[in-house]
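# Descriptive analysis of the structure
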Number of protein chains: 2
Amino acid sequence: MQNSEALALAAALLAAAGDLTRRVNDGVVARGFEGRPAYGFAFARLAPDGATVTDLAVHLGVTKQAASQLVDEIVRKGYAERRPHPEDARARLVVLTERGWACTRAAEEAIAEIVQGWAGVLGESEVGVLRDHLARIAPYGPLRPSW
Amino acid sequence: MQNSEALALAAALLAAAGDLTRRVNDGVVARGFEGRPAYGFAFARLAPDGATVTDLAVHLGVTKQAASQLVDEIVRKGYAERRPHPEDARARLVVLTERGWACTRAAEEAIAEIVQGWAGVLGESEVGVLRDHLARIAPYGPLRPSW
DNA sequence: CTAGTTGGTCAAGCTCCTTGACCATATAGT
DNA sequence: ACTATATGGTCAAGGAGCTTGACCAACTAG
């Protein structure tokens with residue numbers, strides 16, 4: 001393996017990720033939602049049944065104070081709400097509102113559209129290969145900065 | 001293409017990029033340099049023959065004020081220096097110092113090491129396929145947040 | 001039932017970026 | 001040559017998003 005090939009691979013990976021992040025965010029905004037990339041990962045954690053602020057902090061890799069501020073923000077914008085936790089009076093369960101779900105669906109649409117474009121360039125089967133390769137090299141990568 | 005497959009691909013791409021960024025930075029720090037991921041892209045632009053602050057700002061996708069502050073930082077840390085520009089008395093040419101070059105080489109070593117690991121998982125030839133796929137889906141992606 | 005742990009928030013501060021104002025030099029129009 | 005505009009760079013102030021530290025309320029283990 002040539003050194004320059006390793007550099008080219010690293011650059012291509014970062015460029016592809018940066019491009020994806022930007023385009024997903026643009027797609028969500030174009031569908032009428034306001035937000036920043038971090039929302040997407042937060043929503044992914046909240047989606048099934050809600051989560052506590054501490055859960056979210058762990059998921060995002062930030063302090064619980066930062067997660068709490070993010071929740072303030074998405075609550076203020078109407079994407080989620082804080083409810084009493086059914087089993088722990090200290091905790092609060094943060095759950096998506098209907099608008100939060102709509103925003104999540106918008107992000108998924110945007111992603112599907114972009115990946116569709118990749119399939120047009122590489123072909124369906126090669127996109128599957130790409131996904132497989134990526135999953136194998138970074139099974140536990142961090143989830144922070146993007147949709 | 002299933003929607004969930006598109007989501008899995010997007011998540012894997014972001015995870016891989018985040019993992020790469022973190023590990024390159026760790027590798028550079030482990031080799032005795034202090035820095036943040038943005039340095040790497042700045043150094044890549046400065047490397048051949050130096051660049052002006054404005055060049056750097058365009059390359060990084062930030063304002064020239066931000067680029068100027070970044071240059072302050074890498075100058076203060078001994079990685080670069082400002083010289084008069086040979087053809088324009090308004091401008092200054094920012095060039096890497098020997099320590100700046102050493103830091104760049106350290107980053108390249110770290111990258112080579114990581115990609116080596118990927119070759120161990122996927123095989124040499126598949127790493128080439130991966131690089132090709134990524135280059136084809138994001139030929140002009142942004143270059144900002146990482147080494 | 002006290003002692004320690006855990007969920008959450010408030011407050012202050014830091015880092016990195018932005019916008020706005022400004023100066024020095026370069027370039028174009030007349 | 002001379003004014004007008006564009007460009008390279010910096011200073012200053014402010015904002016977004018994170019951190020650390022302090023703290024309270026409620027859970028859990030001895």
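Residues numbered from 1 in each chain as written. Chains lettered and ligands numbered in written order. Predicted model: local features only at pLDDT ≥ 70, side-chain atom pairs only at ≥ 80, totals over all residues. Heavy atoms only, no water.

Chain A is annotated in an unreviewed UniProt entry as Winged helix-turn-helix transcriptional regulator of Streptomyces adustus.

So, about the protein's contact with DNA strand C. The full set close to DNA strand C counts 20 residues, and Lys64(A), Ser68(A), Arg90(A), Gln65(B) and Arg90(B) are the nearest of them. Backbone atoms, meaning sugar and phosphate, make up 57% of the atoms of DNA strand C lying within 4 Å of the protein. With respect to DNA strand C, the side chain of Gln65(B) contributes an N or O atom lying 2.6 Å from a base oxygen. Of all the secondary structure elements, the ones that give two or more residues to the surface near DNA strand C are helix 3 (53-60) and helix 4 (64-76) of chain A together with helix 4 (64-76) of chain B. (Near = heavy atom within 4 Å. Polar contact = N/O pair within 3.5 Å; in protein donor to acceptor, adjacent residues only side chain to side chain. Helix = DSSP H or I, 4+ residues; strand = E, 2+ residues; numbered from the N terminus.)

Further remarks concern the protein's contact with DNA strand D. In the region of DNA strand D, 21 residues are neighbours, and Thr63(A), Gln65(A), Lys64(B), Ser68(B) and Arg90(B) sit closest. The sugar-phosphate backbone supplies 57% of the atoms of DNA strand D found within 4 Å of the protein. Between DNA strand D and the protein, one listed contact pairs a base nitrogen with a side-chain N or O atom of Lys64(B) at 2.6 Å. The side chain of Arg90(B) places a nitrogen or oxygen atom 2.5 Å from a base oxygen of DNA strand D. Of all the secondary structure elements, the ones that give two or more residues to the surface near DNA strand D are helix 4 of chain A together with helix 3 (53-60) and helix 4 of chain B. Residue contributions to the surface near DNA strand D peak at four residues, all from helix 4 of chain A. Looking at the surface near DNA strand D, its residues break down into five nonpolar, seven polar and nine charged. (Nonpolar A, V, L, I, M, F, W, Y, C, P; charged D, E, K, R; others polar.)

To continue, consider the relation of the copies chain B and chain A. Rotating chain B by 180° and translating it 0.0 Å along the rotation axis places it on chain A, where the RMSD comes to 0.1 Å. These values place the two chain copies in the arrangement generated by a two-fold rotation axis. (Least-squares fit on C-alpha atoms with pLDDT ≥ 70 in both.)

So, on to the pattern of salt bridges. Under the counting rule described, the total for this entry stands at 28 salt bridges over all chains. For the salt bridge of Arg136(A) with Asp132(A), the shortest nitrogen-to-oxygen distance reads 3.0 Å. Note that Arg136(A) and Asp132(A) are positioned in helix 6 (residues 124-137) at a spacing of four residues, about one turn of the helix. Residue class for Asp132(A) comes out partly exposed when judged on its relative accessible area of 36%. One salt bridge in this structure joins Asp26(B) and Arg22(B), with 3.8 Å as the shortest N-O distance. Here Asp26(B) pairs with Arg22(B), and both are found in helix 1 (residues 3-30), just four residues apart, close to one helical turn. One network of salt bridges, in which partners are shared, links Asp19(A), Arg22(A), Arg23(A) and Asp26(A). (Salt bridge = Lys/Arg side-chain N within 4 Å of Asp/Glu carboxyl O. Buried < 20%, exposed > 50% of the residue type's maximum accessible area, 1.4 Å probe, protein only.)

This paragraph deals with the nonpolar core. Counting 90 residues, the largest nonpolar core has Leu13(A), Trp118(A), Leu134(A), Leu13(B), Trp118(B) and Leu134(B) as the members making the most contacts within it. Not counting residues within four places of it along the chain, the set of residues in contact with Trp118(B) comprises Leu9(A), Leu13(A), Ile137(A), Leu20(B), Arg23(B), Gly123(B) and Val127(B). (Core = buried A, V, L, I, M, F, W, Y, C linked by side-chain atoms within 4.5 Å. Contact = heavy atoms within 4.5 Å.)

Glancing now at the interface of chain B and chain A. Across the contact, 43 residues belong to chain B and 43 residues belong to chain A. Buried surface at the junction of chain B and chain A, both sides included, amounts to about 4,400 Å², of which 77% is carbon and sulfur. Linking chain B with chain A are two salt bridges. A salt bridge links Glu5(A) to Arg131(B); its shortest N-O distance comes to 3.8 Å. Our count for the contact surface shared by chain B and chain A stands at four residue pairs in polar contact (both at pLDDT 80 or more). (Buried area = accessible area lost by both parts, 1.4 Å probe.)

With that settled, consider the packing of aromatic side chains. Throughout the structure, instances matching the rule amount to eight aromatic pairs over all chains. The interplanar angle of 45° and the centroid separation of 6.4 Å between the aromatic rings of Phe33(B) and Tyr79(B) together place this pair among those described as tilted. One end of the pair, Phe33(B), is in the loop between helix 1 and helix 2 (37-46); the other, Tyr79(B), is in the loop between helix 4 and strand 1 (80-84), and 46 residues separate them in sequence. Here the two residues Phe33(B) and Tyr79(B) agree in accessibility, since each one is buried. Relative to Tyr79(B), the ring of Phe43(B) lies with its centre 5.7 Å away and its plane at 65°, an arrangement referred to as edge-to-face. Here Phe43(B), found in helix 2, pairs with Tyr79(B), found in the loop between helix 4 and strand 1; they are 36 residues apart in sequence, far enough to count as distant. Tyr79(B) matches Phe43(B) in its accessibility class, with the two residues each being buried. Here the aromatic residues Phe33(A), Tyr39(A), Phe43(A) and Tyr79(A) are joined through ring pairs into a cluster of three or more. (Phe/Tyr/Trp six-rings, centres within 6.5 Å; stacked < 30°, edge-to-face > 60°.)

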